[in-house]
Each structure stands twice: as structure tokens, then as C-alpha cells.
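A structural walkthrough
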Amino acid sequence: MLRLTQLSNHAIALLGQLAENRAECRCSARDLAAKLNLPMTTTAKILKSLTREGLLISHRGTLGGYELAKTPTEITIAEIVSALEGPIESCRKSGVASEFVHQAIVRALEQISLYEMAAQFGQQEVKSETVVDAQAEENKDG
């Protein structure tokens, strides 16, 4: 059964942030937690799991931090979910129909890259900022 926790959502957001900041190279756990308004303990737990699974590279020292181990187009949502939730398995009691649906979901997750997710987050942020700006203009004019 495919189960997603809030950790997977946070992991996608953290990796999306790292994808956006690739030019700056590395981000510290503290900076990532602050930027996404996540608890430091949760952020550290997620980053450790993602590093252990080979999605991130961790660097120690004053210039240390985290960076993506692969390009955003090479990291799939299925990999991220598996890193946090464990292997994506089907329900043991499932029938043929359930197995078919499960396989379709897994294939879909394997087709979505971090790059595509980051692009969606970026579009949503732009849309929400535009709405806020428009509301502020209305309030100012009205």
C-alpha cells in the first residue's frame, strides 16, 4: 500500500529548494529549515535519510552543507518517496485490480522529476504572489 507522510512532502520541498539554489552550490540544514519554516530536527532527519539514499551529498565544515547528488531532472518523486517511506510496495491482500492500480501509481511517480515538481512549486508561488499583489493594489486603490 502506498502511504505518504508529511516527511515526503517536506523532503520534496527541501529538494526543490536545493534545486533552486544549485548555482549557490550548498545549503546548510539550518538555512533550509528557516527558508521552509520547518523544525530543525525534522529537517535534519529528512536530510540524513536523503543523503543515506544517495539523493544528497553532505559536506562538513564551515563551507559545508547539502547539495543534490544528481541533477533535478534525474531525481524522481518515486526515489524521494522511497527514501523516506521505504520501498513502494503493493498491499499483500490486493487482487489483480489493486495491483494494476498500484503499478500505475508507481510508474506515474517514476515519471515525475524533481525538476518538474520544483517548476510547479515556482508557478504556484508566482501565482499566489500575483494574487496577493493584486489584492494589495485593490485595497490601496479602493
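Fair warning: this is a prediction, and the values are worked out from it, not measured in the lab.

What to know about the overall build of the protein chain
Within the protein chain one finds six helices and two strands. Listing every helix and strand of the protein chain by position from the N terminus yields α-α-α-β-β-α-α-α. Counting only residues that meet the buried cut, the protein chain has 30% of its 142 residues in that class. Counting only carbon and sulfur atoms, one obtains 52% of the accessible surface of the protein chain, whose full area is about 9,300 Å².

Some points on the pattern of salt bridges
A complete count under the given rule lists two salt bridges for this structure. A salt bridge links glutamate 67 to arginine 26; the shortest N-O distance between them is 3.6 Å. Of this pair, glutamate 67 sits in strand 2 (residues 65-68) while arginine 26 sits in the loop between helix 1 (6-20) and helix 2 (29-36), and the two are 41 residues apart along the sequence. A relative accessible area of 32% places arginine 26 in the partly exposed class.

Some thoughts on the nonpolar core
Among the nonpolar cores identified, the biggest contains 26 residues, and Leu15, Leu18, Leu50, Leu56, Leu68 and Ile80 are the most heavily contacted of them. Secondary structure elements with two or more residues in this core: helix 1, helix 2, helix 3 (40-52), strand 2 and helix 4 (77-85). If we ignore the near neighbours within four places in the chain, the residues touching leucine 56 are Leu15, Leu18, Leu47, Leu50, Thr51, Tyr66, Glu67, Leu68 and Ala69.

Focus: the confidence of the model for the protein chain
Across the protein chain, pLDDT averages 79, with 75% of residues at or above 70. When mean pLDDT is taken per element in the protein chain, helix 3 scores highest with 95 and helix 6 (residues 114-141) scores lowest with 55. This stretch, residues 123-137, has a pLDDT under 50; its non-local contacts, to residues over four places away or in other chains, come to zero contacts.

Regarding the packing of helix 1 against helix 2
The N-to-C vectors of helix 1 and helix 2 enclose an angle of 110°; their axes lie 10 Å apart at closest approach. Between helix 1 and helix 2, the angle is such that the two are roughly perpendicular. Of the residues in helix 2, those in contact with Ala13, Leu14, Gln17 and Leu18 of helix 1 are Leu32, Lys35 and Leu36. Counted by class, the contact of helix 1 with helix 2 contains five nonpolar, one polar and one charged residues.

Each value, and the rule that gives it
Residues numbered from 1 in each chain as written. Predicted model: local features only at pLDDT ≥ 70, side-chain atom pairs only at ≥ 80, totals over all residues. Heavy atoms only, no water. Helix = DSSP H or I, 4+ residues; strand = E, 2+ residues; numbered from the N terminus. Buried < 20%, exposed > 50% of the residue type's maximum accessible area, 1.4 Å probe, protein only. Areas by Shrake-Rupley, 256 points an atom, 1.4 Å probe, with all protein chains shown as cover. Salt bridge = Lys/Arg side-chain N within 4 Å of Asp/Glu carboxyl O. Core = buried A, V, L, I, M, F, W, Y, C linked by side-chain atoms within 4.5 Å. Contact = heavy atoms within 4.5 Å. pLDDT = per-residue confidence, 0-100. Axes fitted to C-alpha atoms, helices over the stretch in contact; angles between N-to-C directions. Parallel < 35°, antiparallel > 145°, perpendicular 65-115°, else oblique. Nonpolar A, V, L, I, M, F, W, Y, C, P; charged D, E, K, R; others polar.

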